[in-house]
Amino acid sequence: MSDDKAAGGIEAIVQTARHARRAGLARALPALRIVNQVGGFDCPGCAWPEGSDRGAIEFCENGAKAVSHETTTKRIEREFFLSSPVAALRQQSHRWLEAQGRIGEPVILRPGSAHFEPISWGDAFGRIGETLRGLASPDRAVFYTSGRTSNEAAFLWQLFAREFGTNNLPDCSNMCHESSGTGLTEMIGIGKGTVGLDDFELADLILVIGQNPGSNHPRMLTTLQEAARRGCKIVSINPLRERGLVRFKHPQEFSGIIGNGTELANQFVRVKVGGDIALLKGIMKQLLALEEARPGEILDREFIEAHCSGFDAFANDLDEIDDAALEHDSGISRDEMRALAELYARSNRVIACWAMGLTQHRFGVENVQEVMNLLLLRGNLGKPGAGPCPVRGHSNVQGDRTMGIWERAPERFLAALENEFGFPVPRKAGFNTIEAMHALHRGEADVFLGMGGNFAVATPDTPYVEAGLNRCRLTVHVATKLNRTHLLTGRESLILPCLGRTERDVQRSGPQFVTVENSMSCVHRSQGRLEPASPQLRSEPSIIAGIARATLREKTNTPWENLVANYDQLRDRIEAIVPGFEDFNERVANPGGFVLPRPPAERRFETFDGKARFMRPRLPTIDVPEGRLLMMTVRSHDQYNTTIYSDDDRYRGIHGNRRVILLHREDMQQLGIVADQPLRITSHFGRGDAEQTRRVDGFRARSYDVPRGCAVTYFPEANALVPADQFADKSFTPAYKSIVISLAPSDNPGAESPRA
Ligand SMILES: Nc1nc2c(c(=O)[nH]1)N[C@H]1C(S)=C(S)[C@@H](COP(=O)(O)OP(=O)(O)OC[C@H]3O[C@@H](n4cnc5c(=O)[nH]c(N)nc54)[C@H](O)[C@@H]3O)O[C@H]1N2
Ligand SMILES: Nc1nc2c(c(=O)[nH]1)N[C@H]1C(S)=C(S)[C@@H](COP(=O)(O)OP(=O)(O)OC[C@H]3O[C@@H](n4cnc5c(=O)[nH]c(N)nc54)[C@H](O)[C@@H]3O)O[C@H]1N2
Ligand SMILES: [Mo]
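Note on numbering: residues in each chain are counted from 1, in written sequence order. For this description, chains carry letters from A and ligands carry numbers from 1, given in the order in which they are written. For a predicted model such as this one, the threshold for reporting local features is a pLDDT of at least 70, and the threshold for listing and counting side-chain atom pairs is 80 or more; totals across whole chains, interfaces and linings nevertheless cover every residue. To obtain the side-chain values, all non-hydrogen atoms of the structure were included, while hydrogens and water were left out.

### Quick word on the overall build of the protein chain
Working step 1: Elements are defined by DSSP. Helices are runs of H or I of four residues or more, strands are runs of E of two residues or more, and each kind is numbered from the N terminus. Within the protein chain one finds 32 helices and 31 strands.
Working step 2: In terms of C-alpha radius of gyration, the protein chain reaches 25 Å, essentially the compact-globule figure of 27 Å for 756 residues.
Working step 3: In terms of overall dimensions, the protein chain has C-alpha extents of about 75 × 60 × 60 Å along its principal axes.
Working step 4: When burial is assessed residue by residue, the protein chain has 65% of its 756 residues classed as buried.
Working step 5: Within the protein chain, residue pairs in contact and separated by at least 24 positions form 79% of the contacts whose partners lie at least 6 positions apart. Just to be clear, the radius of gyration here is over C-alpha atoms, and the globule rule we use is 2.2 Å times residues to the power 0.38. Only protein chains enter the calculation, and the probe is 1.4 Å; a residue is then buried if its accessible area is under 20% of its type maximum, exposed if over 50%, and partly exposed in between. In this description, contact between two residues means that some pair of their heavy atoms is separated by no more than 4.5 Å.

Okay, structure coming up:
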């Protein structure tokens, strides 16, 4: 667990090679050669952009894992489902299911049957169409999307849902950066970041808040390394001293293999879990004090007067807050806040990056808004080298939203869709992820269709969601690999296997490519070259078109087959509807793609008063009674969301078990817990009579460098501890990172879950 060890380096190379070898070199190597290259496919790992001068290798250890898990030569053959009843498969672990390889043909679980069995594509589409047409209302179907889906598939998916008659389009973004989108839109009129990679070359201070790029966005470390080398300051604000942020050895540089690595975060600010608002308020309060001492030198008054609203009320609010409360809630001393304010005041081009450590709290939206307040105070928006950078998760989660995967899409999008396609587009808001969970559980929805993802494992309150899916009349999953959600079947269930990013997609007019939008609003193409894992696989767009035709039959005027025969035609339709996609086909032919408009980058704010608005989040009260702890759930270095590659978390020094809880040594002593002791974790939400609890068992205690009073477990093993109604105000993002827990000796020490 040594903190000063560098991330990356030779270990990263060894791990990359190991995963590629395990997957089968014949497929993994050709795929890795073209990942993120011009003419190649977009890495399915994360949404961090590639630079304009691409190296021969444009992937990282964890991108290589994502690629090689898709290119695996293992296959789920016909006998697999015939010999294993669904009930038996449900007992298997996430890792085991993933390890069975690529799904080779469409399968169906018929009512009353114990096994999935093969079905033709035509019959599969027919079954879905018949059930959907038989629903009492289109709103009784849920169309979920995970963020790996291409723009083309996402566009068709929402088009089908809306032509069918519903806005029920929950997606993984609801559990992820929804708090960023909501918070930013209110303040600056757009729910996206405003910086590009070139801004990272100019910044003199980069804040990395609530993010672990060493594991989750490793290519970002290269950008940070370049910045650090030219003297840019990097500050990590996090309850954990994440290894990749402390010291980094670039695995593709010779010095990175043998040297000590580059020191990245010059400053580590160990904030308490949930303490960011207090910390940011403290820094801003100190900043205002500096301004008072040196009027006109600290704040960007010109920017504030010309472009912002609400400053006076914001400043008054800050004035009234007690320093002691800020110190207590953040765990950071006033002196440290002062030093951070001084550093910020000395810096002229500041980028703030953040991820799940900010968004997945009850006050996730306010967390994001407080970061924006800080940026606005010194005009760090709409100038080179400065601005907000919410670092997205899934590789096309941002693009999916741009394409209309949104349960509350803006009226201008819906009107444009109606105008282009000529069917009545429903206006009633659809279900987000939380609302979909409830609707399924309460029997208010009968059909769940998943375009990728692992809904039941990623959402909170696992048993609640499982029961909801079991109640469905029909569940349908378009997927590459088997996962647990596929096995939580409704009365009837289908698994429809699709092509992955790495594979060749040939339609009637010839080979096709798709497009994606990265975290910095750049739209570019992605084209796989590998032979499909099975000749039976179909592309996501063609599967959607098949379902749409079988459901809508002659009642649709949308030329589903033609749109899929040539994706250029599909892109022409996107161009007609989505602003910023003018000349889509021409511009996406450009190897670097094109960047969508980001008005705030030109200091234009499409808010109701045309200004960037200072917000006044309240200091949250996090009530952690004596004897309880505040727990966050995080990703290990060896997983991709619900896909678990191994039980190790190399950078945190944890091996062989994911059902662990990381605790401060003194908290362990105080609670009478010894290392490796099996524990039962109970979560507590609400107060008094309204208190809700959830339990998991068989977690092992580990002493770790966490702030006092805080605890850490892994996603998804601890998801059962988060009740469905514990989410961020306004954004509905589940509060996966602020769970009040108590610990007790295990009732059942052997409960090392079979599903770890
Ligand atoms: N290899 C790999 N890459 C991935 C993923 C993956 O699973 N594996 N997932 C993808 C997806 S969908 C996403 S959304 C991103 C996720 O990327 P991250 O957001 O980096 O992922 P998490 O593991 O959730 O880490 C959150 C970080 O926030 C910190 N944190 C928790 N609570 C707080 C808090 O209250 N305040 C502050 N300041 N920090 C806090 C944690 O210590 C941790 O370092 O990564 C994407 N990339
Ligand atoms: N406790 C806790 N829970 C969390 C989080 C957390 O930090 N803590 N993070 C949340 C976040 S940020 C997110 S984004 C969600 C993720 O939620 P999801 O996006 O639903 O989950 P994933 O694990 O990314 O989905 C993986 C599955 O996608 C399928 N798949 C893979 N590639 C493809 C493809 O190319 N096409 C298709 N059609 N299918 C494919 C495979 O079947 C695979 O099993 O989880 C959320 N849940
Ligand atoms: Mo995410």
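### What about the sheet that holds strand E13 (residues 350–354)?
Working step 1: Should DSSP find at least two bridges between two strands, the strands are regarded as paired. Here five strands make up an open sheet; going across it, the order is E11-E8-E7-E13-E14 and the pairing parallel. The open sheet has two free edges, formed respectively by strand E11 (267–269) and strand E14 (387–390), since each of these has just one partner strand. Neighbour to neighbour, the strand axes of the sheet diverge by 15° on average, direction disregarded.
Working step 2: Relative to E13, strand E7 (residues 205–209) is paired through five bridges, and the arrangement is parallel. Across the sheet, Ile209 pairs through a bridge with Trp354, a residue of E13. Interaxial angle, 0 to 180 degrees, is taken between N-to-C directions of lines fitted to C-alpha atoms, where a helix line uses only the stretch in contact.

### Comments concerning the domain arrangement of the protein chain
Working step 1: Residue ranges for the domains trace back to a domain assignment, done automatically or taken from a database. Here the domain parsing of the protein chain yields domain 1 (7–70), domain 2 (77–174 + 396–581), domain 3 (178–390) and domain 4 (629–745).
Working step 2: With centres defined by C-alpha atoms, the gap from domain 2 to domain 3 works out at 37 Å.
Working step 3: At the interface, nine residues of domain 2 touch eight residues of domain 3.
Working step 4: Defined here as a combined quantity, buried area equals the accessible surface (1.4 Å probe) lost by two parts on assembly, summed across both. Summed over both sides, the interface of domain 2 with domain 3 buries roughly 630 Å², with 41% coming from carbon and sulfur.
Working step 5: By definition here, a salt bridge exists when the distance from a side-chain nitrogen of Lys or Arg to a carboxyl oxygen of Asp or Glu is within 4 Å. Counting every contact that joins domain 2 to domain 3 gives two salt bridges.
Working step 6: When the shortest N-O distance is used, the salt bridge between Arg401 and Glu178 registers 3.0 Å.
Working step 7: Pairs of N or O atoms are called polar contacts if they sit within 3.5 Å, as long as, within protein, a hydrogen donor faces a hydrogen acceptor (for residues adjacent in sequence, only side-chain-to-side-chain pairs). Linking domain 2 with domain 3 are six residue pairs in polar contact (both at pLDDT 80 or more).
Working step 8: Ranked by residues supplied to the side of domain 2 that touches domain 3, first place goes to helix H22 (residues 397–402) with three residues.

### Re the packing of aromatic side chains
Working step 1: Each pair of aromatic rings taken from Phe, Tyr and Trp, with Trp reduced to its six-membered ring, is defined by centres within 6.5 Å and is described as stacked if the planes are under 30 degrees apart, edge-to-face if over 60, and tilted in the remaining cases. Summed over the entire model, instances satisfying the criterion amount to 22 aromatic pairs.
Working step 2: Aromatic side chains Phe160 and Phe164 sit 6.2 Å apart centroid to centroid with 40° between the ring planes, which places their arrangement in the tilted category. Residue Phe160 and its partner Phe164 are located together in helix H8 (residues 151–164), separated by four residues, close to a single helical turn.
Working step 3: For Phe160, a relative accessible area of 0% gives the class buried.
Working step 4: Relative to Phe594, the ring of Phe584 has its centre 5.9 Å away and its plane inclined at 85°; by these criteria the two rings are edge-to-face. A residue pair is termed long-range when its members are at least 10 positions apart, and Phe584 in helix H31 (residues 584–588) and Phe594 in strand E22 (residues 594–595) qualify at 10 residues.
Working step 5: In textbook terms, an aromatic cluster arises when at least three aromatic residues are bridged by ring pairs, as seen for Phe143, Trp157, Phe160, Phe164 and Trp560.
Working step 6: When the ring centre of Tyr344 is taken as reference, the NZ or CZ atom of Arg378 above it lies at 5.9 Å. A ring has a charge above it when a Lys NZ or an Arg CZ is no more than 6 Å from the ring centre and no more than 35 degrees off the ring normal.

### Focus on helix H24 (residues 433–441)
A turn of α-helix holds 3.6 residues, and therefore any two residues three or four places apart point the same way.
Working step 1: Taking burial as the measure, the nine residues of H24 include seven buried ones, the bulk of the element.
Working step 2: Those residues of H24 that fall on the buried side of the exposure criterion are Thr433, Ile434, Ala436, Met437, His438, Ala439 and Leu440.
Working step 3: Buried positions along H24 lie against strand E6 (141–145), strand E15 (447–451), helix H25 (455–458) and helix H26 (462–470).
Working step 4: Sitting at the amino-terminal end of H24 is Asn432, which places a side-chain oxygen 3.1 Å from the backbone nitrogen of Ile434.

### What to know about the sheet that holds E15
Working step 1: Across the sheet, six strands lie side by side as E5-E4-E17-E16-E15-E6; this open sheet has mixed pairing. Every other strand in the sheet has two partners, leaving strand E5 (116–118) and E6 as the edge strands with one partner each. Across the sheet, the mean angle from the axis of one strand to that of its neighbour is 15°, orientation sign disregarded.
Working step 2: Across three bridges, strand E4 (residues 107–109) lies against E5 in antiparallel orientation. Across the sheet, Val107 pairs through a bridge with Pro118, a residue of E5.
Working step 3: Along the sheet, helix H7 (residues 121–133) makes contact with E4, E6, E15, strand E16 (474–479) and strand E17 (492–497), crossing E17 at roughly 135°.

### Observations regarding the site of ligand 2
Working step 1: Here, proximity means that at least one heavy atom of the residue falls within 4 Å of the molecule or strand. Around ligand 2 there are 30 residues in total, and Tyr144, Ser146, Glu540, Thr642 and Asn719 lie nearest to it.
Working step 2: At a separation of 2.8 Å, an oxygen atom of ligand 2 approaches a polar side-chain atom of Asn483.
Working step 3: A distance of 2.6 Å separates a nitrogen atom of ligand 2 from a polar atom in the side chain of Glu540.
Working step 4: Residue composition of the shell around ligand 2, by class: 12 nonpolar, 13 polar and five charged. In this classification, the charged set is Asp, Glu, Lys and Arg, the nonpolar set is Ala, Val, Leu, Ile, Met, Phe, Trp, Tyr, Cys and Pro, and all remaining amino acids, among them Gly, are polar.

### Observations regarding the environment of Leu343
Working step 1: If you trace the backbone, Leu343 turns up in helix H19 (residues 334–346).
Working step 2: As a C-alpha pair, Leu343 and Leu205 span 138 residues in sequence and 8.5 Å in three-dimensional space.
Working step 3: Setting aside its immediate chain neighbours within four residues, Leu343 contacts Leu205, Lys233, Val235 and Gln267.

### Considering the pattern of salt bridges
Side chains that carry opposite charge are capable of pairing whenever their charged atoms lie near each other.
Working step 1: All chains considered together, the criterion is met by 48 salt bridges.
Working step 2: With its nearest N and O atoms 3.4 Å apart, the salt bridge here joins Arg401 to Asp171. With Arg401 in helix H22 and Asp171 in the loop between H8 and helix H9 (178–188), the pair connects residues that are 230 residues apart, well separated along the chain.
Working step 3: Looking at Arg401, the relative accessible area reads 15%, which means it is buried.
Working step 4: The salt bridge involving Arg680 is made with Asp747; its shortest N-O contact spans 2.8 Å. Note that Arg680 is positioned in strand E28 (residues 678–685) and Asp747 in the segment after strand E31 (739–745), a separation of 67 residues in sequence.
Working step 5: Residue Arg680 is classed as buried on the basis of its relative accessible area of 16%.
Working step 6: Owing to a relative accessible area of 55%, Asp747 belongs among the exposed residues under this scheme.

### A word on the environment of Gln398
Working step 1: Residue placement: Gln398 occurs in helix H22.
Working step 2: According to the relative accessible area criterion, Gln398 is buried, its value standing at 3%.
Working step 3: Measuring from C-alpha to C-alpha, the distance between Gln398 and Ser173 comes to 8.2 Å, with 225 residues separating the pair along the chain.

### Things to note about empty space enclosed by the protein
Working step 1: Using a grid of 1 Å spacing that covers the protein atoms alone, one calls a set of points a cavity when a 1.4 Å probe fits there but cannot get out, and a pocket when the set is open and has protein on both sides within 12 Å along at least five of seven lines; lining residues are those with an atom within 4 Å of a point. Grid points are joined across faces, edges and corners, and a volume is the space filled by probe spheres set on the points. Under the criterion given, the structure shown has seven cavities of 30 Å³ or more.
Working step 2: In this structure, the second largest cavity spans a volume of roughly 80 Å³.
Working step 3: As for the second largest cavity, its lining consists of Leu205, Leu207, Ile209, Ile237, Leu280, Ile283, Leu340, Leu343, Tyr344 and Leu374.
Working step 4: Elements supplying a minimum of two residues to the lining of the second largest cavity: E7, helix H15 (276–293) and H19.
Working step 5: Its residues assigned to classes, the lining of the second largest cavity shows 10 nonpolar, no polar and no charged.

### Concerning H26
Working step 1: Of the residues making up H26, those classed as buried are Thr462, Tyr464, Val465, Glu466, Gly468 and Leu469.
Working step 2: Contact partners of the buried residues in H26: H24, E15, H25, E16 and helix H27 (484–487).

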